[in-house]
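Each chain is listed here by its residues.
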Amino acid sequence: MGHDIKACIVSHSGYPIIVVASYFLAPFPNILCRNRDSFSSEKGTFEDIGLFLTGLFITSGFAIPCILAHSDIISGKALAFSMAGGVTVYATIITFLWFFNRHSDEDNNW
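This text gives an overview of the structure that appears in the document. (Residues numbered from 1 in each chain as written. Predicted model: local features only at pLDDT ≥ 70, side-chain atom pairs only at ≥ 80, totals over all residues. Heavy atoms only, no water.)

## Overview of a nonpolar patch on the surface
Now for step 1: Together, Ile5, Ile9, Tyr15, Ile17, Ile18 and Ile73 give the surface a local cluster of nonpolar side chains, amounting to about 540 Å² of exposed area.
Now for step 2: Relative to the helices and strands, Ile18 is located in the loop between helix H1 (2-11) and helix H2 (19-25). (Patch = residues over 30% accessible without salt bridge, like charges linked within 9 Å, V, L, I, M, F, W, Y side chains within 5 Å. Areas by Shrake-Rupley, 256 points an atom, 1.4 Å probe, with all protein chains shown as cover. Salt bridge = Lys/Arg side-chain N within 4 Å of Asp/Glu carboxyl O. Helix = DSSP H or I, 4+ residues; strand = E, 2+ residues; numbered from the N terminus.)

Have a look at this one:
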């Protein structure tokens, strides 16, 4: 999120901060639409919708700065800062989930 604030400073506008909304909204569809039945190995349509919406938010986190830079609303430096912020946020989330899922899988193997 710090990179997006730097992007706002470099571009002299508040438009790059719009991307922060996608950072916060991205995990919610996946959390809300997750399959609650632990006995079923099949993924339902509801879970697929959640995964699709999560992917939509993640993609929009990278697409919005590109669109703003393409239409000359923000500068190239602001685009770079915004992209770096997105990579940092999503890499942190993926690493966090990987680390804790790895430990829970090891504990379940007797």
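## A few points about the environment of Gly61
Now for step 1: Along the polypeptide, Gly61 turns up in helix H4 (residues 45-70).
Now for step 2: The buried category is assigned to Gly61, whose relative accessible area is 1%.
Now for step 3: C-alpha of Gly61 to C-alpha of Met83: the two residues are 22 residues apart in sequence and 8.4 Å apart in space.
Now for step 4: Setting aside its immediate chain neighbours within four residues, Gly61 contacts Val19 and Ser22. (Buried < 20%, exposed > 50% of the residue type's maximum accessible area, 1.4 Å probe, protein only. Contact = heavy atoms within 4.5 Å.)

## A few points about the layout of surface pockets
Now for step 1: When its volume is computed, the largest pocket comes out at roughly 390 Å³.
Now for step 2: What lines the largest pocket is a set of 16 residues, among which Pro27, Asn30, Thr54, Ile93 and Leu97 lie closest to the centre.
Now for step 3: When its residues are assigned to classes, the lining of the largest pocket shows 10 nonpolar, 3 polar and 3 charged. (1 Å grid on protein atoms, 1.4 Å probe; cavity = no way out; pocket = protein on both sides within 12 Å on 5 of 7 lines; lining within 4 Å. Points joined across faces, edges and corners; volume = space filled by probe spheres on them. Nonpolar A, V, L, I, M, F, W, Y, C, P; charged D, E, K, R; others polar.)

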